[in-house]
Amino acid sequence: MGIPVQAGSQGVAGVICPVASRIEGRVRARLAPLLILVARPRPTDRIAKVAERGQHIDVLTANTPPPTPIRLPRQDAGWRHVR
């Protein structure tokens, strides 16, 4: 359904990446007061269509640099391929 986010002793304050197809009935009502966080803008539209009117939906942004490839040393020295 999504990952609950807790803020101190207030209980659940939001949900990360809920599945839009599962937001219906009582689930919709339970999510209404919470903040919904998504990883990309695309799921925002799908969730907005099935969530309560006025639901708060935000896109998570990260300012992390792209990963740097690691060059591993060749390990074939000393190894023999056996058939």
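Scroll up to find the structure.
Owing to the predicted nature of the structure, the values given are computational and were not obtained by experimental measurement.

### Overview of the side chain of Q55
Looking at the element boundaries, Q55 is found in the loop between helix 2 (41-50) and strand 4 (56-59). Residue classification places Q55 among the buried residues on the basis of a relative accessible area of 12%. Within the structure, the side chain of Q55 is placed 2.6 Å from the backbone oxygen of L34, a separation counted as a polar contact.

### What about the pairing of strand 1 (residues 3-6)?
Consecutive side chains of a regular strand alternate in pointing toward one face of the sheet and then the other. With four bridges connecting them, strand 1 and strand 2 (residues 12-16) associate as antiparallel partners. The residue of strand 2 that forms the bridge with I3 is I16. Remark: five residues form the turn of the hairpin made by strand 1 and strand 2, two consecutive strands paired antiparallel; G8 in that turn has positive phi of roughly 60 degrees.

### Observations concerning helix 2
Turn by turn, an α-helix covers 3.6 residues, leaving residues three or four places apart pointing in a common direction. Residues P43, T44 and I47 constitute the buried set of helix 2. Down the axis, helix 2 shows its buried residues gathered within 110 degrees of arc, on one side only. Along helix 2, exposed side chains directed more than 90 degrees from the buried face belong to P41, R42, D45 and K49.

### Considerations on the pairing of strand 3 (residues 35-38)
Sheet topology note: the strand 2/strand 3 ladder contains three bridges and is parallel. By the bridge assignment, I16 is partnered in strand 3 with L37. The β-α-β motif built from strand 2, the intervening helix 1 (residues 25-31) and the parallel element strand 3 has right-handed crossover chirality. Here strand 3 runs beside strand 4; their pairing, made up of four bridges, is parallel.

Rules used in this analysis
- Residues numbered from 1 in each chain as written.
- Predicted model: local features only at pLDDT ≥ 70, side-chain atom pairs only at ≥ 80, totals over all residues.
- Heavy atoms only, no water.
- Helix = DSSP H or I, 4+ residues; strand = E, 2+ residues; numbered from the N terminus.
- Buried < 20%, exposed > 50% of the residue type's maximum accessible area, 1.4 Å probe, protein only.
- Polar contact = N/O pair within 3.5 Å; in protein donor to acceptor, adjacent residues only side chain to side chain.
- Pairing = 2+ DSSP bridges.
- Arc of directions from axis to C-beta.
- Right-handed = clockwise from strand over helix to strand, strands pointing away.

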